[in-house]
Number of protein chains: 2
Amino acid sequence: MRNTKINIERRKNKKTKPAPENLGFGTVYSDHMFIMDYSTEKGWHSPKITPYGPISLDPGTSVFQYAQSVFDGFKAYRTEDNRILIFRPEENLKRLNASCDRLCIPSIDEEFVLKAVKQLVDIDQDWIPTLKGTSLYIRPYIIATDVSLSVTPSKTYKFIMILSPVGAYYSEGFNPVGINVEETYARAVKGGTGAAKTAGNYSPGYKAQEKASEKGNAQVLWLDAIEKKYIEEVGSMNVFFKINNEVITPPLNGTILSGITRMSVIELLKYWNVPVYERDITIEEVHQAYVNGGLEEVFGAGTAAVIAPIGQLNWGDQEMVINNKQTGGLSQKLFDTLIGIQTGKLEDPFNWTVEVEKELTL
Amino acid sequence: MRNTKINIERRKNKKTKPAPENLGFGTVYSDHMFIMDYSTEKGWHSPKITPYGPISLDPGTSVFQYAQSVFDGFKAYRTEDNRILIFRPEENLKRLNASCDRLCIPSIDEEFVLKAVKQLVDIDQDWIPTLKGTSLYIRPYIIATDVSLSVTPSKTYKFIMILSPVGAYYSEGFNPVGINVEETYARAVKGGTGAAKTAGNYSPGYKAQEKASEKGNAQVLWLDAIEKKYIEEVGSMNVFFKINNEVITPPLNGTILSGITRMSVIELLKYWNVPVYERDITIEEVHQAYVNGGLEEVFGAGTAAVIAPIGQLNWGDQEMVINNKQTGGLSQKLFDTLIGIQTGKLEDPFNWTVEVEKELTL
Ligand SMILES: Cc1ncc(COP(=O)(O)O)c(C=O)c1O
Ligand SMILES: Cc1ncc(COP(=O)(O)O)c(C=O)c1O
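Residues numbered from 1 in each chain as written. Chains lettered and ligands numbered in written order. Predicted model: local features only at pLDDT ≥ 70, side-chain atom pairs only at ≥ 80, totals over all residues. Heavy atoms only, no water.

- Looking at an unreviewed UniProt entry, one finds chain A named Branched-chain-amino-acid aminotransferase, with Lentibacillus persicus as its source organism.
- The annotation that UniProt attaches to chain A under Cofactor (unreviewed entry) is "pyridoxal 5'-phosphate".
- UniProt annotates chain A under Sequence similarities (unreviewed entry) with the comment "Belongs to the class-IV pyridoxal-phosphate-dependent aminotransferase family." (UniProt positions renumbered as here; feature names shortened; annotations may be inferred.)

1. Observations concerning the domain arrangement of chain A
Residues and elements named next belong to chain A.
- As assigned here, chain A comprises domain 1 (7-167 + 351-355) and domain 2 (177-327).
- Computed from C-alpha coordinates alone, the two centres of domain 1 and domain 2 are separated by 28 Å.
- Contacts between the two partners involve 18 residues from domain 1, matched on the other side by 18 residues from domain 2.
- Taking both partners together, domain 1 and domain 2 bury about 1,500 Å²; carbon and sulfur atoms supply 63% of that area. (Domains from an automatic or database assignment. Contact = heavy atoms within 4.5 Å. Buried area = accessible area lost by both parts, 1.4 Å probe.)

2. What about the pattern of salt bridges?
- A complete count under the given rule lists 34 salt bridges over all chains for this structure.
- Of the charged contacts in the structure, one is a salt bridge between D37(A) and K158(A), with a shortest N-O distance of 2.9 Å. Residue D37(A) is located in strand β2 (residues 32-39), and its partner K158(A) is located in strand β9 (residues 156-166); the two are separated by 121 residues in the primary sequence. Each member of the pair, D37(A) as well as K158(A), carries the same accessibility label: buried.
- As a salt-bridge pair, E227(B) and K229(B) come within 3.6 Å of each other at their nearest N and O atoms. (Salt bridge = Lys/Arg side-chain N within 4 Å of Asp/Glu carboxyl O. Helix = DSSP H or I, 4+ residues; strand = E, 2+ residues; numbered from the N terminus. Buried < 20%, exposed > 50% of the residue type's maximum accessible area, 1.4 Å probe, protein only.)

3. A short note on the confidence of the model for chain A
- Summary statistics for chain A give a mean pLDDT of 96 and a share of 98% for residues scoring 70 or more.
- ipTM for the predicted complex: 0.97, alongside a pTM of 0.97. (pLDDT = per-residue confidence, 0-100.)

4. Digging into unusual backbone geometry
Residues and elements named next belong to chain A.
- The residue R88 is not glycine, and still its phi comes out positive at about 45°.
- Tracing the backbone shows R88 in the loop between β7 (84-87) and α2 (89-102).
- One non-glycine residue, N273, lies in positive phi territory at about 60°.
- Summarising the element assignment, N273 is placed in the loop between α5 (260-271) and β15 (276-278).

5. Brief notes about the side chain of K228(A)
- In this fold, K228(A) is placed in the loop between β11 (219-223) and β12 (231-234).
- No salt bridge is formed by the buried K228(A); its nearest oppositely charged neighbour, D224(A), is found at 6.8 Å.
- Side-chain polar atoms of K228(A) contact the backbone oxygen of A225(A), separated by 3.4 Å.
- Setting aside residues up to four positions removed in sequence, K228(A) forms contacts with E182(A), E183(A), T184(A), Y185(A), A186(A), L223(A) and K190(B). (Lys, Arg positive; Asp, Glu negative; His and termini not counted. Polar contact = N/O pair within 3.5 Å; in protein donor to acceptor, adjacent residues only side chain to side chain.)

6. Points about the site of ligand 1
All names here are of chain A.
- Near ligand 1 lie 15 residues; those nearest to it are K197, Y202, E233, T261 and T303.
- K197 has a polar side-chain atom sitting 2.7 Å from an oxygen atom of ligand 1.
- Protein contacts shield 95% of the accessible area of ligand 1, which totals 380 Å² for the unbound molecule.
- For the shell around ligand 1, the elements supplying multiple residues, two or more each, are α5 and β16 (295-302).
- Here the shell around ligand 1 is built from residues that sort into five nonpolar, six polar and four charged. (Near = heavy atom within 4 Å. Areas by Shrake-Rupley, 256 points an atom, 1.4 Å probe, with all protein chains shown as cover. Nonpolar A, V, L, I, M, F, W, Y, C, P; charged D, E, K, R; others polar.)

Shown next as C-alpha cells:
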C-alpha cells in the first residue's frame, strides 16, 4: 500500500491547547488522528486522517474480551530553528510489527505508516509544545475488531494513531527515585509476550506497582519470573547499572522489551568508548557491588523519561542508596546528549532523527 | 448498591433470531444488554438494561492501551418444562471479583449483579435456544475507561453484560480431538495472571494455537512455563486424566484458572466415590501411563464444551492415542450428568442451578 493516498478530513474548529506548564502524560490529544482498517480481503485499507473523536464499537468486539492489541510510542520535537524531528520512528514501527507477529496481528507497511506519522504530525504541528522537556508523544496502536467471542485471531483490525503533547518528565531537574525490587509478581516469562509491546503486558503490573507505592517507591524492579534472581526491567523502562566503571544491562533474551532508548544508550556508550555489556545480571550481584562500594549509578531508559536516575533500590530488608541519591555523571551526560539530539540542539552523528518536511501535506 | 433499581429501556423492534441449527459461539447477540459505570466518587452506578448496541469510546481510552479488562462466562438453559436455569452463576461472579482484584479493578456487588443477570436473561428469554446442546451464553466484562496513556489503574470503568445464543459444541456426538503439547510458548507463570480471567491472558495463546492447528491438532496442552514439565490446562479448559481408575487434575497453584466446570467435575466424582486427585502431574507421567497401558481417558472441562474428550496427545515425536480415539465411559457420564443437571433433566443434588423466576421484571 506504499502509494495509497491518505484521505484527509480537517477539523473545522481547532481545540484549545493546554498550557505547556501543565501538560501531564497522555491526557490531552491533538486535533486529528490517523486511522485505517484491515480485512482479510482488502488488507490494510482506507487510511485517513480525521478530526480526533470517539470510535464506536459493538460490545461483542473481540479486543474487549481477549486483548488482541499492540501499541508503540515515540516522540516528535520542535527544534529551536523551527524544524520538526521525530526520534527513530523506523525502529518503533519495526518493533510494532514484531509485536503484531507475537499476537497474530497482520503486519503493517512500515514505510507507509511512517508517511502517515509525518503527515499527521505535520497537520497537528502546532500541538508540538516547545517548553524545555516537553514533546509530542505519538501513540500508534492496533485493536482486533471482529464481533466475536471466539478465542481466535480476529479477521478485522483497526490501526489508530493519536498524538498527545506531553510535559517535562523532570520539570525541576532530575529527582532520583526509590525502587522496590519485586519478588512475588512477575512481568514476563520465556515463551510469553514480554519482548512484545502488547496491551496485555501492562495492567498485570499494576498490583506490583501498587505494592511499591505503598512502601513509598516510585517504581518496580522486575526480576525474572523463574528464579526471581535475574534483573529484567524497571517499571516500563529498560535498566542500566554502572558498576566499577562498566555499564551493564540485561540481554534481550525473550522476556525484555527491546527499548529504542536502551538501544540508543548502548550505541552512545560504545561511541564514547565506555565499556557496556548486555549480559545477565542478578540482584545479588548488584547488592554485592553495593556492599563493595562499586555500585556507581543505576538508571532506567525509556521514551517517556528518556533517562530516569534511580536513587535507591529496596530489596527485601536491604536498602541500597545509590550515589547518595544524586544523579550520576554518566546518567546526566546520557540524558543531555539524547535530549540534545532529539531536539536538534546537538549534532546527530547516528542519523537517529527523521525530519518532517514542510511540503509534505501541501 | 444491593437495592439500586436497574433502569430498563426496552428495544422497540426485536432483532431476527438465527436458526438454532446454525448457531456458532458468540457471534450473535440478544436484544438487550446490561451496562453500569464506575467512578471513584460514585462507585458502581447507573445500572441499566438497554437495547444491544454500540458503545462509543475516546481513542485514548486506557483499555485499548493496557488491557485492564476482565471477563467471565456462564450459561442459561431452558428446561423442558419451560423454566430457565443458570449454572452456578454465583461462582462466576465470585471469580470475576477475584479477576478484578488481580488487575486492580474495583470489585462488583455479586448479589446485585446476580440480580442483573436474572433480569437481563428474563427480558431476553426468547433468545434461549432449546435445540439439544444449545444454550444462552452470558458474558459479563469490565473495561477501564479513563482517557489516559498513563500506565496506572483507571479511575473509571464500564461493566457490560451481553448474551449470545450458542450452538451445540457437539452436534453429531462427541468427537475426541488431537492436542499438541506445547513446549515453547507459555500461557502463565507464578506471579502472573494465569489464575484470573483477564483479557490479556487469551490472545498470547493464539500463536501456539496456530502452531497446533498447522500440525492438525484442535488445541494446545499448556505445560508450566518454568520447567515445561507440569501439565496446566488444555486450550481454554481445565484438563483431567484418568489413569488406572484414578482421576487426576492439576492443582490450583496460581497459574491455572479455577474452572467452575472443573470444580463441578471434582464434586461429581467425589459424590460417585471415584478417586480424584488435585496434584501435580507431568507430561512424562502421562506418557509413562500411556506406555504402560494405564492412560484410560483424557478430557478438557469448561463452560463452552462442558466436557471435551481428547483422542490423541502429541508430545514432540510421541503420539499417544487415547482409548482408541473413542469417548471414554467416565467422560460420557460426566458430560451427560452435567448437561442433565444444567438443563433440568436430572436432579440437582448440589443446588448448582439458579432459576430465573417469572415475576422478576414484572
Ligand atoms: C516494558 C517496557 N520496557 C522498556 C520500554 C522502553 O522502550 P523505549 O525506549 O522504546 O521507549 C518500554 C516503553 O516503551 C516498555 O513499555
Ligand atoms: C483459561 C481457562 N481455563 C479454564 C476454563 C474453564 O473454566 P469454566 O469451567 O469456569 O468455564 C476457562 C474458561 O472459562 C478458561 O478460560
